[in-house]
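Summary of structural features
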Amino acid sequence: MAELCDLSADELARRLRVKEVSAVEIAESALRRMEALDERLHTFLTPTPDLAREQARAADARLGEGPEVPAPAGIPLALKDVLTTRGIRSTAGSKILEPYVPPYDCTPWARLKAAGSVLVGKTNCDEFAMGSSNENSAFGPVRNPWNLETVPGGSSGGSAAAVASGQAVWALGTDTGGSVRQPAALCGVVGLKPTYGRISRYGLIAFASSLDHVGTFTRSVRDAAILLSAIAGNDPLDATSLPEPARDYTEGLEGGVRGLRVGVVEDWLRMEGIQPGVRDAVRGAIDRLQRLGASVDEAKLPHADYALSAYYLIAPAECSSNLARYDGVRYGFRAEGRDVVEMNMKTRGAGFGDEVKRRIMLGTYALSAGYYEAYYGQAQKVRTLVIRDYEQAFERFDLLVGPTSPTTAFRLGEKTGDPLAMYLSDVFTIPSDLSGTPAISIPCGLAPDGLPVGFQIMGKLMDEATVLRAAHALEQDLGFSSRPPLLEGASA
Ligand code: GLN
């Protein structure tokens, strides 16, 4: 039987308001689950049980004063460790930030804290969010609750695994090339990456600024809409934040898909290397959309094939600049040296992991005089072509759909020796990061290997509403209710 920590935030919020449960009971349920599973899953880099208890008591006090309390009050939350939290260590999965305790809160957390959220911990992730499997975390990988021999995806794997395993009811992550949607797909939860600029990035430890998005992990599409409503809206502290104020994204959620024009990116389903079980589950979901009244036809994103290559120039280029600040002077870890140059070199040499170094070197190369036009400049042109592909496709369609990831969760170690194979995990997610358009992954079934498959729904710029509406309709129709086998008989 499902425990409190396995319910949706929406259901828990209802029970809290009719006083059927207390926030303390919910927090204890999540913390017991953490106690039972975190050691095996390695979900958290910094668990915060004391804070969770304190915030749960405060939420109960607020709820006691009346029902007009924000939706996140009393709901256990996990935050990816690239999101800064005042007074709580924020490592970004890197040795170089291992001792770093930020003096300020990122805006999404500031808003959730003010709304009465209960933070259970900071989640493990690939170092500086660079990776697709969590194996690039300097502190060791997260395991997938569906099968402990497989990866949870990355880079927000800890956040995805926390929600899939009931250690948190919802979580935040970041998506620069797919890091919310891909781990959501591999862990069987809902992952939403809204429009670029929709959620403030003030206080986000930057990887690639023109691509970084904050996104949500939830158990249901409705919860994604609730969480987005709580954290979206203009933030003067982030110059790239969209001007619109926050709105209620649950409005119109029940509108269904009748009459919506849905484009299927057939090329993705035909791609060599897509797992047949993934293809079949995605096809099944498309048939459902059609039965629910959507009109379905083939869509083309002709330049999407080049998106991956463009991303692996643009993202490293931006990272090489963003990560220049980790010089041992101001933040975190410092290695000793005879002079400042030696100190910088030793700090960066010992503080960064292999993948981060690879990206910094690639990025520095792509930006250097004589190569800039051929690499970075060329990649930016491809990015523009991808943006145009979406604009053209969205003249004919309201939504585009396809798989989130070509495979289900792969085995730990399977791709660590081959960066290019690892990079391919994001082939279907990167295009929406390049274009900044909103996209969601929802579970659409289990493949024959017993692992969840993610279905991706991509929308027009600023049109989270239609993405959420279609995802909700499909989710209701699919009735996906499988849980990681690990949870059967789990305590709490
Ligand atoms: N896996 C991709 C990368 O390694 C995407 C990461 C992300 O979205 N943060 O860059």
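It should be noted that the structure appears before, not after, this text.
We now turn to the structure provided with this report. (Residues numbered from 1 in each chain as written. Predicted model: local features only at pLDDT ≥ 70, side-chain atom pairs only at ≥ 80, totals over all residues. Heavy atoms only, no water.)

1. Description of unusual backbone geometry
Cis peptide bonds are those with omega within 30 degrees of zero, and the linkage from G154 to S155 qualifies with 5 degrees. Tracing the backbone shows S155 in the loop between β3 (118-123) and α5 (157-164). The backbone of F128 sits at a positive phi, close to 50 degrees, despite the residue not being glycine. Relative to the helices and strands, F128 resides in the loop between β3 and α5. (Helix = DSSP H or I, 4+ residues; strand = E, 2+ residues; numbered from the N terminus.)

2. Some details on the side chain of S159
Looking at the element boundaries, S159 is found in helix α5. Overall, the relative accessible area of 0% leaves S159 in the buried class. A polar atom in the side chain of S159 sits 2.8 Å from the side chain of T123. (Buried < 20%, exposed > 50% of the residue type's maximum accessible area, 1.4 Å probe, protein only. Polar contact = N/O pair within 3.5 Å; in protein donor to acceptor, adjacent residues only side chain to side chain.)

3. Observations concerning the packing of helix α9 (residues 276-291) against helix α16 (residues 464-478)
Packing of α9 against α16 leaves a shortest axis separation of 10 Å and a crossing angle of 105 degrees. The pairing of α9 with α16 is recorded here as roughly perpendicular in orientation. Contacts between α9 and α16 involve A285, R288 and L289 on the former and, on the latter, L474, D477 and L478. Split by residue class, the contact of α9 with α16 holds four nonpolar, no polar and two charged. (Axes fitted to C-alpha atoms, helices over the stretch in contact; angles between N-to-C directions. Parallel < 35°, antiparallel > 145°, perpendicular 65-115°, else oblique. Contact = heavy atoms within 4.5 Å. Nonpolar A, V, L, I, M, F, W, Y, C, P; charged D, E, K, R; others polar.)

4. Points about the packing of helix α2 (residues 23-41) against helix α3 (residues 49-64)
Packing of α2 against α3 brings their axes to within 8 Å, and their N-to-C directions diverge by 160 degrees. In terms of orientation, α2 lies roughly antiparallel with respect to α3. The handedness of the crossing between α2 and α3 is right-handed. Contact residues: α2 offers A23, V24, A27, E28 and L31, while α3 offers P49, A52, R53, A56, R57, A59 and D60. (Left-handed = near helix turned anticlockwise from the far one by under 90°.)

5. Remarks on the pattern of salt bridges
This model, assessed by the stated rule, comprises 32 salt bridges. Here D327 makes a salt bridge to R330, at a shortest N to O gap of 3.3 Å. Take R330: its relative accessible area is 58%, and that puts it in the exposed class. With a shortest N-O distance of 3.3 Å, E342 and K346 are connected by a salt bridge. (Salt bridge = Lys/Arg side-chain N within 4 Å of Asp/Glu carboxyl O.)

6. Topic: the nonpolar core
Counting 134 residues, the largest nonpolar core has F128, L400, I440, I442, F455, I457 and L468 as its most contacted members. Looking at this core, the element that brings in the most residues is helix α10 (residues 304-322), giving nine residues. Discounting chain neighbours no more than four positions away, the residues touching L468 are L192, V221, A224, A225, L228, Y249, L253 and I440. Counting residues in each nonpolar core, the second largest holds eight residues, with W146, V151, L186 and M422 among its members. (Core = buried A, V, L, I, M, F, W, Y, C linked by side-chain atoms within 4.5 Å.)

7. A short note on the site of the ligand
Close to the ligand lie 15 residues, the nearest being G177, S179, Y311, R359 and D426. In this structure, an oxygen atom belonging to the ligand sits 2.7 Å away from a side-chain N or O atom of R359. Between D426 and the ligand, the recorded distance is 2.5 Å, taken from a side-chain N or O atom to a nitrogen atom. Contact with the protein chains hides 100% of the accessible area of the ligand, taken as 290 Å² for the molecule alone. Taken together, the residues of the shell around the ligand sort by class into five nonpolar, seven polar and three charged. (Near = heavy atom within 4 Å. Areas by Shrake-Rupley, 256 points an atom, 1.4 Å probe, with all protein chains shown as cover.)

These figures come from the coordinates and say nothing about function on their own.
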